[in-house]
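What follows is each chain in one-letter form.
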Amino acid sequence: MADGTETESRKLLGRLREVMAGSDAGQTRLDKITNLIADSMKSEVCSVYLFRDEETLELCATEGLKPEAVHKTRMRLGEGLVGRVARTGNIINTPDAPSERGFRYMVETGEERFSSFLGIPIQRLGDSLGVLVVQSRDARKFSADEVYGLEVVAMVIAEMTELGAFVGEGAALSPLHQQSVMIKASTAQEGAAEGHIWLHEPRVVVANPIAEDPHRELERLQEAVEQLRVGVDKMLEMSRNGDKEQLQVLEAYRMFANSKGWMRRMEEDISRGLSAEASVEKEQNQARSRMSQVTDAYLRERLSDLDDLSNRLLRILTGQGKETGADMPPDPILVARNIGPGDLLDYGRSLRGIVLEEGSVGSHAAIVARALAIPLLVHAEKITTEALNGDHIMVDGDQGVVHLRPDDQVVSAFRDKIAMQAKAQERYTSIRDKLAETLDGEVVSMNMNAGLMTDLPSLESSGAEGVGLFRTELQFLIRNKMPKRSELVATYARVLDAAQGKRVVFRTLDIGSDKVLPYMKPNDEPNPALGWRAIRVGLDKPGILRMQLQALLRAANGRPLTIMFPFVAQFEEYRSARAEVDKAIAGEIKLGHALPSSLEVGAMLETPSLAFAPQKFFDEVGFLSIGGNDLKQFFFAADRENERVRRRYDTLNVSFLSLIERIVERCEISGTPVSFCGEDAGRPIEALCLAAIGIRNLSMRPASIGPVKSLLRRSNLQEVRKIITDARHRGEQSVRPAVMEWLRLQG
Ligand code: PEP
Ligand code: MG
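First things first, this report covers the structure right here in the doc.

About the cut-offs
Residues numbered from 1 in each chain as written. Chains lettered and ligands numbered in written order. Predicted model: local features only at pLDDT ≥ 70, side-chain atom pairs only at ≥ 80, totals over all residues. Heavy atoms only, no water. Helix = DSSP H or I, 4+ residues; strand = E, 2+ residues; numbered from the N terminus. Rg over C-alpha atoms; globule rule 2.2 N^0.38 Å. Buried < 20%, exposed > 50% of the residue type's maximum accessible area, 1.4 Å probe, protein only. Contact = heavy atoms within 4.5 Å. Areas by Shrake-Rupley, 256 points an atom, 1.4 Å probe, with all protein chains shown as cover. Lys, Arg positive; Asp, Glu negative; His and termini not counted. Charge placed at Lys NZ, Arg CZ, Asp CG, Glu CD. Pairing = 2+ DSSP bridges. Axes fitted to C-alpha atoms, helices over the stretch in contact; angles between N-to-C directions. Parallel < 35°, antiparallel > 145°, perpendicular 65-115°, else oblique. Near = heavy atom within 4 Å. Polar contact = N/O pair within 3.5 Å; in protein donor to acceptor, adjacent residues only side chain to side chain. Nonpolar A, V, L, I, M, F, W, Y, C, P; charged D, E, K, R; others polar. Donors = N, O, S within 2.8 Å, 3.2 Å for Na, K, Ca; no water. Salt bridge = Lys/Arg side-chain N within 4 Å of Asp/Glu carboxyl O. Core = buried A, V, L, I, M, F, W, Y, C linked by side-chain atoms within 4.5 Å.

Once that is clear, we can look at the overall build of the chain. Helix and strand counts for the chain come out as 27 helices and 23 strands. In terms of overall dimensions, the chain is globule-like: its C-alpha atoms have a radius of gyration of 30 Å, near the 27 Å expected for 747 residues. Seen through its principal axes, the chain has C-alpha atoms that stretch 85 × 65 × 50 Å. Here the chain holds 747 residues, and 55% of them are scored as buried. By sequence separation, contacts in the chain at least 24 residues apart represent 66% of the contacts at least 6 residues apart. Accessible surface for the chain amounts to roughly 32,800 Å². Of this, 50% is attributable to carbon and sulfur atoms. The average position of the 96 basic charges and that of the 108 acidic charges among the side chains of the chain differ by 4 Å.

Dropping the structure here:
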């Protein structure tokens, strides 16, 4: 690194600090900054583009381009070179911009005169805020030192943006953290909640990105890193006698904490003029943007270790974080990027709601949130950037929307909605012990889905007839090591005790795809949903399946038992799995153990192939349960976890309903009991249509039983069936509009 450039970069940061310390309005500051940078880089143009909304970048200040283009010139994410830098997070440095792929000049700016182009992303903690651009007339390629220097400047601009330095009259940006914001998200657990934000890991605010005294900053960094290392060593020491894999993780973690490369890069950043905390954040930024690009699971884990270490280091340097002793509000709604099941269980029922920036509908956190009956939204983009501790927030788990700092109108509409829901709840309670009998006298059996002990009290309160789907993998997922057979026996026995004679359908372990056991080596599969999962694992490595079957037989101990195999795609798989049950029974007889008083063995129908299995399969299988979540994703070839496509195809699409009808018909021929246990069973309109095409047994989350039963009791299935048939004859894609219209006419 040339000393001269280093001094140049420090000088520039020194001048930036002066601008920031002045009392200018936001726009003037930004103008001065572009002017300073152009001057320091000896180039004609310096511009700052910032995001207007998620998709649009706006020229917010420029030195060298036409001033009248400021706040006029806009481009979409990915458009032109600037849009490309913003989208990819990668720098573009070219002496001949017009020959670059995707180049597009904005006539109104007059930029056609400039040949070289250097675009640097302005990012904060992986979030893209905009692009810093330097252009010059001569065809020059900027040196590595110049690029590096400008990266440091971009980092400072990002910090200033975050601190609201460009906010004010005629400002480039509107104030963060003050406006009311609506964020769309995905529902992992329904329900509505109002409260105040509790950040699981509060954002660290870097108030002074520019170093006043680099030597002092270097010392601060070294002291903090030392403290970090001591902390990690302590963690390691404490886990010495514990779990081997956890130890391996910590070893890797320590390796990072001691990484010379990481330290050297941060020291270099400081010598360029950044403060210690800004240098940590700059490296963290880079790790985050790499994280979003790498697909290799191992590398991602390591980058996420680095992210975690950076957070710790930032907390040490700034003294901010959990140890600030801020009090949790009385009505906390937890906001986090992501959270593990252990942490969530620590908070327990004290939370009113949870909003995660990442997470997924099938994640462990979602499983726990469901068990605790706390509304949970995931994929709430930028929520951790927008939210501050203590902010007022409303979580609409039914619509999948978060209202942050809502205005009065939203507040009153939302409260009305909560009041209406409370009223509806009263109605549901009043029909709890009544049958789901339709106006034309058809009775639909209402059952609930469960997976943890905490679910079981709902059997009583929801009025469910039984547990139509007990997802046994949840017991495996929330632990940090494989449960022993004796533990499983005890758990299943407690489930049967709690069910007090009601039928419980135990589904054998459904792991793989989105459900990865924390203590099993993850499979690096290109397409896990289509991969080695559920019964495939059970049959290929029968150890766990056998242990589970034995545990179930022993837990039943003379009581009735129902077992169901997940994800059966062909007859032979059912036969092999069924043979394992017979083997387990033979083993129990040998040991002189009591057998269940009755035994039902069935399969989940989750792949279209099974709907077309030989009739003999339907004759042999004890019962079938349609797993609509998986069946639908394979039928439409649309990943249930992929936000882009998961809502694209309607369950009430005529083709999908035809498939279900076909399954019902085949079950009727063989007299095979059939139920439906995917999420759609708990959606009133979907449930109504499923009943209309012949499903007489539904299993859903407990909270859905009231709304579904209430609608069924007010409907005539023959009429609904006719509406479905007519819509199909009219060639409609989905029967939803026709059914909705019918419901509207029914009032
Ligand atoms: C389903 O696929 O519909 C189902 C009930 O199983 P899971 O959601 O657990 O995959
Ligand atoms: Mg499934």
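As a further point, take the pairing of strand 17 (residues 467–471). Most of strand 17 sits out of view: 5 of its 5 residues are buried. Summarising the sheet, strand 16 (residues 443–450) and strand 17 pair through 3 bridges and their orientation is parallel. Its bridge partner lying in strand 17, Ala-450 is registered against Phe-470. Strand direction decides the pairing type here: strand 17 and strand 18 (residues 504–507), joined by 3 bridges, are parallel. Across the sheet, the residue bridging to Arg-471 is Arg-507, located in strand 18.

What follows deals with the packing of helix 4 (residues 144–162) against helix 8 (residues 276–291). Direction vectors running N to C along helix 4 and helix 8 enclose 100°, while the axes themselves pass 11 Å from each other. As the angle between them shows, helix 4 and helix 8 are arranged roughly perpendicular. Here Tyr-148, Glu-151, Val-152, Met-155 and Glu-159 of helix 4 lie close against helix 8, whose contacting residues are Ala-278, Glu-281, Lys-282, Asn-285 and Gln-286.

This next bit is on the sheet that holds strand 2 (residues 56–63). Here 6 strands make up an open sheet; going across it, the order is 3-2-1-6-5-4 and the pairing antiparallel. Two strands bound the open sheet, and with one partner strand each, they are strand 3 (74–76) and strand 4 (92–94). Across the sheet, the axes of successive neighbouring strands diverge by a mean angle of 25°, strand direction being ignored. Lying over the sheet, helix 4 contacts strand 1 (45–53), strand 4, strand 5 (116–124) and strand 6 (127–136), oriented at roughly 40° with respect to strand 5.

Taken together, 14 residues lie near ligand 1, and Arg-471, Arg-507, Glu-606, Asn-629 and Arg-640 sit nearest. Within the contact set of ligand 1, an oxygen atom lies 2.8 Å away from a side-chain nitrogen or oxygen of Arg-471. Within the backbone of Gly-628, one N or O atom sits 3.1 Å away from an oxygen atom of ligand 1. For ligand 1, whose unbound accessible area comes to 290 Å², protein coverage reaches 99%. Mapped by element, the contributors of at least two residues to the shell around ligand 1 are strand 17 and helix 22 (628–635). A per-element tally of the shell around ligand 1 places helix 22 first, with 3 residues. Looking at the shell around ligand 1 residue by residue, the class counts come to 3 nonpolar, 4 polar and 7 charged.

The next point concerns the coordination of the magnesium ion (ligand 2). Looking at the magnesium ion (ligand 2), one finds its protein donor set to be Glu-606 (OE) and Asp-630 (OD), positioned 2.0 to 2.1 Å from the metal centre. Here Asp-630 lies in helix 22 and Glu-606 lies in the loop between strand 20 (599–605) and helix 20 (608–611), a separation of 24 residues in the sequence. In this pair, the class of Glu-606 matches that of Asp-630, namely buried.

This brings us to unusual backbone geometry. A positive phi angle is found at His-71, which is not glycine, with a value near 65°. Along the chain, His-71 turns up in the loop between strand 2 and strand 3. Even without a glycine there, the phi angle at Asn-557 is positive, about 40°. Tracing the chain through its elements places Asn-557 in the loop between helix 18 (542–556) and strand 19 (561–568).

Summed over the entire model, instances satisfying the criterion amount to 49 salt bridges. Arg-216 is paired through a salt bridge with Glu-219; the nearest N and O atoms lie 3.1 Å apart. Within this pair, Arg-216 and its partner Glu-219 are both found in helix 5 (residues 214–239), separated by 3 residues, close to a single helical turn. For Arg-216, a relative accessible area of 37% corresponds to the partly exposed category. A salt bridge links Arg-405 to Glu-386; the shortest N-O distance between them is 3.7 Å. Taken together, the positions of Arg-405 in the loop between strand 14 (401–404) and helix 13 (408–430) and Glu-386 in helix 12 (residues 383–386) put the pair 19 residues apart, joining distant regions of the chain. Accessibility assignment for this pair places Arg-405 and Glu-386 in one class, buried. Three or more residues joined by partner-sharing salt bridges are found here, namely Glu-473, Arg-507, Asp-510, Arg-533, Asp-630 and Arg-640.

This paragraph deals with the nonpolar core. Ranked by internal contacts, the top residues of the largest apolar core, which has 100 residues, are Phe-565, Phe-617, Leu-624, Ile-660 and Leu-698. The leading source of residues in this core is helix 18, at 9 residues. In this view, Leu-698 contacts Val-444, Ser-445, Met-446, Asn-447, Phe-676, Ala-681, Ala-687, Leu-690 and Val-708; residues no more than four positions away in its chain are not counted. Among the nonpolar cores identified, the runner-up in size contains 66 residues, and Met-41, Cys-46, Val-48 and Ile-270 belong to it.

Read these as layout, nothing more, since geometry by itself doesn't imply function.
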